[in-house]
Amino acid sequence: MNQEEVKRLKALARKFRREIVEMVYTAQSGHPGGSLSIIDVLTYLFFHEMEYPVQNRDIFSTDRLVMSKGHATPALYACLAEKGFFPEAELSRFRQIDSILQGHPENEFVPGVDVTTGSLGQGFPQAVGMALGMRLSGSERKVYAILGDGECQEGLIWEAAMSAGHYKTANLTVFVDLNGLQIDGNVKDVMNVNPVPDKFSASHWHVQEINGHDFNEINNAVRAAHKVTDKPSVVIAHTIKGKGVSFMENNYKFHGSPPNDEQYKIAMEELAP
Amino acid sequence: MEKKASRVAYGETLLELGKENPDIVVLDADLSGSTKTSLFAKEFPDRFFDMGIAEQNMITTAAGLATVGKIPFASSFAIFATGRAWEMLRQAVCLGNKNVKIVATHAGLTVGEDGATHQALEDIAVTRVLPNLTVIVPADYYETKSAIRFAAAYQGPVYIRLSRSATPVVFDENYEFTHKKAGILRKGKDVSIFACGVMVAEALQAAVRLEKDGINAEIINVSTLKPLDTETILKSVEKTGCAVTVEEHNIIGGLGSAVAETLSENHPAPLHRMGVIEKFGRSGKADDLLKAYHLTAEDVAKETMSFLKP
């Protein structure tokens, strides 16, 4: 990936970080920390990698992305607005009555969202089902799913991992946003889910580990994942919860809390274009 | 009376549908021999996904398959398909409004020897409460055949409740299931007996016994529990003035509750609910269990009689 492209993606991600903070601040509700940790991966997928058209979204011309860690809606909605699924003005109505932008992703409400997620663990197996169905229909498009590391405490995650490994869904690439924090504190203290990579290896997955904020590493991982033809791929993305906003970084308190007026001001200064 | 199991009708019809529609795919959770999805699996191995003993994963994976244009039929025993995987049914299938068909066998007491752990007596209650979901309890082998065909053609989530045991045949091969329509199987004027599933045959036999005692019972097959045919229910009770409900399910949340809700809001009338009351099931032969839980034709006749003439 050339330096110009990296620069373009970085600028886009920075814009999305401002929108994430703005959405959660305006709604005084939502999940900034895990949105800021995954936004670089999402920016890469939506604006460099995937075929993700607004119209004519048939399975032969459209890749699919499932936000299994559904609480990171601010990150997802910022990308979908940029894609043109709905006007950017709608972002300021996030989580409000009569807005299409529900607190967690719902396919019946939000254009560009294919399945309903937010109850943790449930997005991943739906992505596996999509991968099985698309392969059966002869589509060569890809399916991506985004998981949280806290989310990996759900038993259903490992049922889905087992079945994708069993059915060798090579058209499926999963990112685990390994930011190490969940609502109650450190993932390893609340319920140690580590080692996540070994658990996927044991379920017959192709496993890679990267810095989830480095676009070149993300790009290399996706290129490598697509070369694997007999296994699903997982990319363990080491990330920083709250990345880009100094007082939110590595602070579990900003998993699901909005910034106050003063914090909002500081955050927007730090994220200025 | 000829006896046939509804799960056999499911397996046979699924195989026919598989030949007619390449979009139909089937998922099972290591019970394909029992649910009879094995017939489809043998003919269409590429379109059959054994998900292993992981029902939650089966239901959510089915939602994903529906998202990319497949028509998934997902099967297990009723207690696991609706109980173990209830939240997946709620979030991924019903809130997502996906075109998923959940066909569960081994509902009710007539599971028999496996006992309480495998006898779903709550599945109608926990499915009837879910928006977007159609809930169907076919009365016999032939109604099952027609209901499965309806589900395949219908756009939206459907739950169909089937049994393990061979039970009396009520209809014939010309019968056609009509969505949202309760069927009057026998006209009467003294009492409306509403039944579903394997209890329909018992209710019909009860009507013969009641006739001998001078009671003219109207028998209504309520095979669609949701959306409920309130018009047929109310019309019948407006005529007869009272109602009995019979189901192989807890009396809370199932057919009895559905009829009670309808009557009390629109046409309050005396009602007697028959079913399982504040109990789980237990091991035994299916026929012995129906006797032990007072759900035979004889029990229906006896309880209807004392309800009418206390």
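None of these values were measured; they are calculated from a predicted model.

Sorry, what's going on with the overall build of chain A here?
Helix and strand content of chain A: nine helices and seven strands. A compact globule built from 273 residues should have a C-alpha radius of gyration of about 19 Å, and chain A, at 17 Å, falls within 12% of that. Along the three orthogonal principal directions, the C-alpha set of chain A runs to about 50 × 45 × 40 Å. Relative to its 273 residues, chain A shows a buried fraction of 59%. Total accessible area on chain A is roughly 10,400 Å²; 48% of this is exposed by carbon and sulfur atoms. The centroid of the 26 positive side-chain charges in chain A is displaced by 4 Å from the centroid of its 34 negative side-chain charges.

How should the sheet that holds strand β1 (residues 64–67) of chain A be read in this particular structure?
Sheets are built from strands paired through backbone hydrogen bonds, the pairs being either parallel or antiparallel. Residue and element names in this part refer to chain A. Taken together, five strands build an open sheet; the order of strands is β1-β2-β3-β7-β6 and the sheet is parallel. Because the sheet does not close on itself, it has two edges, and the strands there are β1 and β6 (206–211). Between one strand axis and the next, the sheet turns through 20° on average, direction left out of account. Strands β1, β2 (143–148), β3 (172–178) and β7 (233–238) of the sheet are contacted by helix α2 (residues 32–49), whose axis makes an angle of about 170° with β2.

I would appreciate a short explanation of the side chain of T304(B) in the present structure.
Residue and element names in this part refer to chain B. Of note, T304 is situated in helix α13 (residues 297–308). Among the polar contacts listed, one links the side chain of T304 to the backbone oxygen of V300, at a separation of 2.6 Å. T304 has contacts with V191, I193, L210 and V244, leaving out every residue within four places of it along the chain.

Quick question: what am I supposed to make of the interface of chain A and chain B here?
Reports often express the size of an interface as the amount of accessible area lost when the parts come together. Tallying the contact residues gives 23 residues for chain A and 26 residues for chain B. Surface buried jointly by chain A and chain B totals about 2,000 Å² across both partners, of which 61% is contributed by carbon and sulfur atoms. Interface area lost by chain A to chain B is led by Q122(A), L136(A) and Y167(A), which between them contribute 25%. Run the count over chain A and chain B and you get zero salt bridges. Summed over the shared surface of chain A and chain B, the result is nine residue pairs in polar contact (both at pLDDT 80 or more).

Where do I start with the domain arrangement of chain B in this structure?
Residue and element names in this part refer to chain B. Parsing chain B into structural domains produces domain 1 (3–168) and domain 2 (183–308). A C-alpha centroid distance of 25 Å is found between domain 1 and domain 2. Of the residues lining the interface, 34 residues belong to domain 1; the matching set on domain 2 comes to 35 residues. Here domain 1 and domain 2 share an interface that buries about 2,500 Å² over both sides, 56% of which is from carbon and sulfur atoms. Of all residues in domain 1, L109, L121 and R128 bury the most surface against domain 2, accounting for 30% of the area lost on that side. At the boundary of domain 1 with domain 2, the tally comes to one salt bridge.

Would you mind going over the sheet that holds strand β6 (residues 134–136) of chain B with me for this structure?
All names here are of chain B. Strand order in the open sheet made by the seven strands is β3-β2-β4-β5-β7-β6-β12, with mixed pairing throughout. Either end of the sheet is taken by a strand with one partner, and the two such strands are β3 (48–50) and β12 (224–226). Recorded for the sheet is a direction-independent mean angle of 20° between the axes of neighbouring strands. Pairing analysis gives five bridges linking strand β4 (residues 71–77) to strand β5 (residues 101–105), with the strands arranged parallel. Within the sheet, the bridge partner assigned to A74 lies in β5 and is I102.

Would you mind going over the environment of T110(B) with me for this structure?
Residues and elements named next belong to chain B. Inspection of the secondary structure assignment puts T110 in the loop between β5 and α7 (123–128). With a relative accessible area of 2%, T110 lands in the buried category. Remark: the alpha-carbon pair of T110 and K235, spanning 125 residues in sequence, is separated by 32 Å.

I'm lost on the state of the cysteines in this one. Help?
As used here, a disulfide is simply a covalent bond connecting the sulfur atoms of two cysteines. Applying the stated rule across the entire model yields zero disulfides over all chains. Of the cysteine sulfurs around C196(B), a residue in no disulfide, the closest is that of C242(B), at 19 Å.

Help me understand the pattern of salt bridges in this model?
All names here are of chain B. Counted according to the given criterion, the structure contains 22 salt bridges over all chains. With a shortest N-O distance of 2.4 Å, E211 and R186 are connected by a salt bridge. Pair noted here: E211 is in helix α9 (residues 199–212) and R186 is in strand β9 (residues 183–186), with a separation of 25 residues, a long-range link. A relative accessible area of 37% means that E211 is categorised as partly exposed. By relative accessible area, R186 is classed as partly exposed at 23%. Note that D190 and K189 form a salt bridge whose closest N and O atoms lie 3.4 Å from each other. Residues joined by salt bridges that share partners form a network here, namely E12, E16, E20, K145 and R149.

Whenever I open this one, the packing of helix α4 (residues 123–137) of chain A against helix α5 (residues 155–167) of chain A confuses me. Can you help?
What describes two packed helices is the angle between their axes and the distance between those same axes. Residues and elements named next belong to chain A. Remark: α4 packs on α5, axes separated minimally by 8 Å, with the N-to-C direction vectors making an angle of 20°. What the angle tells us is that α4 and α5 run roughly parallel. Considering how the two elements wind past one another, α4 and α5 form a crossing that is left-handed. Along its contact with α4, which presents F124, P125, V128, L132 and R135, the element α5 presents L156, I157, A160, A161, S163, A164 and Y167. The residue makeup of the contact of α4 with α5, split by class, is 10 nonpolar, one polar and one charged.

Explain α2(A) here, please?
All names here are of chain A. Its 18 residues give α2 an end-to-end C-alpha distance of 24 Å, which sits within 8% of 26 Å, the value for a rise of 1.5 Å per residue. Largest kink in α2: about 45°, centred on I39. Counted residue by residue, α2 has 17 buried out of 18 residues, so it is predominantly covered.

Sorry if this is basic, but what is going on with unusual backbone geometry here?
The bulk of non-glycine residues show a negative phi, and the bulk of peptide bonds are trans. Residue P195(A) is reached from N194(A) by a cis peptide bond, and omega for that bond is 0°. Mapped onto the elements of the fold, P195(A) is located in the loop between α6 (187–190) and α7 (196–202). Cis peptide bonds are those with omega within 30 degrees of zero, and the linkage from K226(B) to P227(B) qualifies with -5°. By the element assignment, P227(B) lies in the loop between β12 and α10 (230–240). Positive phi, close to 55°, is recorded for N250(A), a residue that is not glycine. Here N250(A) shows up in the loop between β7 and α9 (261–270). Phi is positive for D30(B), close to 65°, though the residue is something other than glycine. With respect to the element layout, D30(B) can be found in the loop between β2 (24–28) and α2 (32–35).

What counts, and at which threshold
- Residues numbered from 1 in each chain as written.
- Chains lettered and ligands numbered in written order.
- Predicted model: local features only at pLDDT ≥ 70, side-chain atom pairs only at ≥ 80, totals over all residues.
- Heavy atoms only, no water.
- Helix = DSSP H or I, 4+ residues; strand = E, 2+ residues; numbered from the N terminus.
- Rg over C-alpha atoms; globule rule 2.2 N^0.38 Å.
- Buried < 20%, exposed > 50% of the residue type's maximum accessible area, 1.4 Å probe, protein only.
- Areas by Shrake-Rupley, 256 points an atom, 1.4 Å probe, with all protein chains shown as cover.
- Lys, Arg positive; Asp, Glu negative; His and termini not counted.
- Charge placed at Lys NZ, Arg CZ, Asp CG, Glu CD.
- Pairing = 2+ DSSP bridges.
- Axes fitted to C-alpha atoms, helices over the stretch in contact; angles between N-to-C directions.
- Contact = heavy atoms within 4.5 Å.
- Polar contact = N/O pair within 3.5 Å; in protein donor to acceptor, adjacent residues only side chain to side chain.
- Buried area = accessible area lost by both parts, 1.4 Å probe.
- Salt bridge = Lys/Arg side-chain N within 4 Å of Asp/Glu carboxyl O.
- Domains from an automatic or database assignment.
- Disulfide = S-S within 2.5 Å.
- Parallel < 35°, antiparallel > 145°, perpendicular 65-115°, else oblique.
- Left-handed = near helix turned anticlockwise from the far one by under 90°.
- Nonpolar A, V, L, I, M, F, W, Y, C, P; charged D, E, K, R; others polar.
- Expected span 1.5 Å × (residues − 1).
- Bend = angle between axes of the 7 residues up to and from the residue.

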